[in-house]
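So you can see what is in the structure, the chains are spelled out below.
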Amino acid sequence: DTGVSQDPRHKITKRGQNVTFRCDPISEHNRLYWYRQTLGQGPEFLTYFQNEAQLEKSRLLSDRFSAERPKGSFSTLEIQRTEQGDSAMYLCASRMLGLDGYTFGSGTRLTVV
Amino acid sequence: GENVEQHPSTLSVQEGDSAVIKCTYSDSASNYFPWYKQELGKRPQLIIDIRSNVGEKKDQRIAVTLNKTAKHFSLHITETQPEDSAVYFCAATPGANNLFFGTGTRLTVIP
């Protein structure tokens, strides 16, 4: 396990469809974060987990978005009834509580057509 | 929440010159300030970070300075090389719960 893995790398979907992304963090990291990045902007925080508990959600996370980390390992981010404004890069990051370094995955680029 | 502003948005320098990118933050509780480099289509990669109990940190050609009183921190890259060309993001975290990012600086190093 050399890093944070995200799947798929790219997703094209029609407006109104549901999509689900997966993140596999570094195995010993107990904190997992989801960020969204649009072109020309910095990553924006969406939500984070400590083990399986979702501890914080951003106002950006509308009720169409849901995230889970059922066993405290991998996480999924689901977007229901996708809209064109959801098109972005969705980044996952993980770290060990008490240590500074956040390690990012390569992201899932979502395009809603 | 924390608000991080970053300047400039674009920066072009000649190879071998220095580059400086500046960020300000709003939340005095912020205590950790990382810098990330992101090449096109790739993940953000941590290049250097600093904690609020330190004023300066250096790693080879890269240094970061922090002024807690003024709430600003800067990235300094000396002897720039073409492979330094990328988008650089600063970030701050109050309470270490999550990172708030600046809007990025696109650095171009001209050979």
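Residues numbered from 1 in each chain as written. Chains lettered and ligands numbered in written order. Predicted model: local features only at pLDDT ≥ 70, side-chain atom pairs only at ≥ 80, totals over all residues. Heavy atoms only, no water.

A. Focus on the overall build of chain A. Check the secondary structure of chain A and you find zero helices and eleven strands. Relative to the 2.2 N^0.38 estimate, which gives 13 Å for 113 residues, the radius of gyration of chain A is 13 Å and therefore close to what a compact globule would have. Across the 113 residues that make up chain A, the buried fraction comes to 47%. A separation of at least 24 residues holds for 53% of the contacts in chain A among residues at least 6 apart in sequence. Approximately 5700 Å² of chain A is accessible, and the part contributed by carbon and sulfur atoms is 45%. (Helix = DSSP H or I, 4+ residues; strand = E, 2+ residues; numbered from the N terminus. Rg over C-alpha atoms; globule rule 2.2 N^0.38 Å. Buried < 20%, exposed > 50% of the residue type's maximum accessible area, 1.4 Å probe, protein only. Contact = heavy atoms within 4.5 Å. Areas by Shrake-Rupley, 256 points an atom, 1.4 Å probe, with all protein chains shown as cover.)

B. Local environment of the overall build of chain B. Broken down by element type, chain B carries zero helices and eleven strands. By the compact-globule yardstick of 13 Å for 111 residues, chain B fits well, its C-alpha radius of gyration being 13 Å. Referenced to the eigenvectors of the C-alpha coordinate spread, the extents of chain B come out at roughly 40 × 30 × 20 Å. Across the 111 residues that make up chain B, the buried fraction comes to 45%.

C. Molecular detail of the sheet that holds strand 7 (residues 62-67) of chain B. Residue and element names in this part refer to chain B. If you walk across this open sheet you meet the five strands as 1-3-8-7-6, and the pairing is antiparallel. Each edge of the sheet is formed by a strand with only one pairing partner; in this case those strands are strand 1 (4-7) and strand 6 (56-59). Mean inter-strand twist for the sheet, computed between neighbouring axes without regard to direction, equals 15°. Pairing between strand 3 (residues 19-25) and strand 8 (residues 72-77): six bridges, direction antiparallel. Opposite C23, over in strand 8, you have F73 as the bridge partner. (Pairing = 2+ DSSP bridges. Axes fitted to C-alpha atoms, helices over the stretch in contact; angles between N-to-C directions.)

D. The packing of aromatic side chains, seen in detail. Counted under the stated rule, the structure contains 17 aromatic pairs over all chains. Seen from their ring centres, F21 of chain A and Y90 of chain A are 5.4 Å apart, and the 40° between their planes marks the pair as tilted. Within this pair, whereas F21 of chain A is found in strand 3 (residues 19-24), its partner Y90 of chain A is found in strand 9 (residues 88-95), the two being separated by 69 residues in sequence. According to the relative accessible area criterion, F21 of chain A is buried, its value standing at 1%. Using a relative accessible area of 0% as the deciding quantity, one classes Y90 of chain A as buried. Taken together, a centroid distance of 4.7 Å and an interplanar angle of 45° make the contact between Y25 of chain B and F33 of chain B tilted. A relative accessible area of 6% places Y25 of chain B in the buried class. Taking relative accessible area as the criterion, F33 of chain B reaches 0% and is therefore assigned buried. (Phe/Tyr/Trp six-rings, centres within 6.5 Å; stacked < 30°, edge-to-face > 60°.)

So far we have only geometry, and geometry alone does not tell us how the molecule works.
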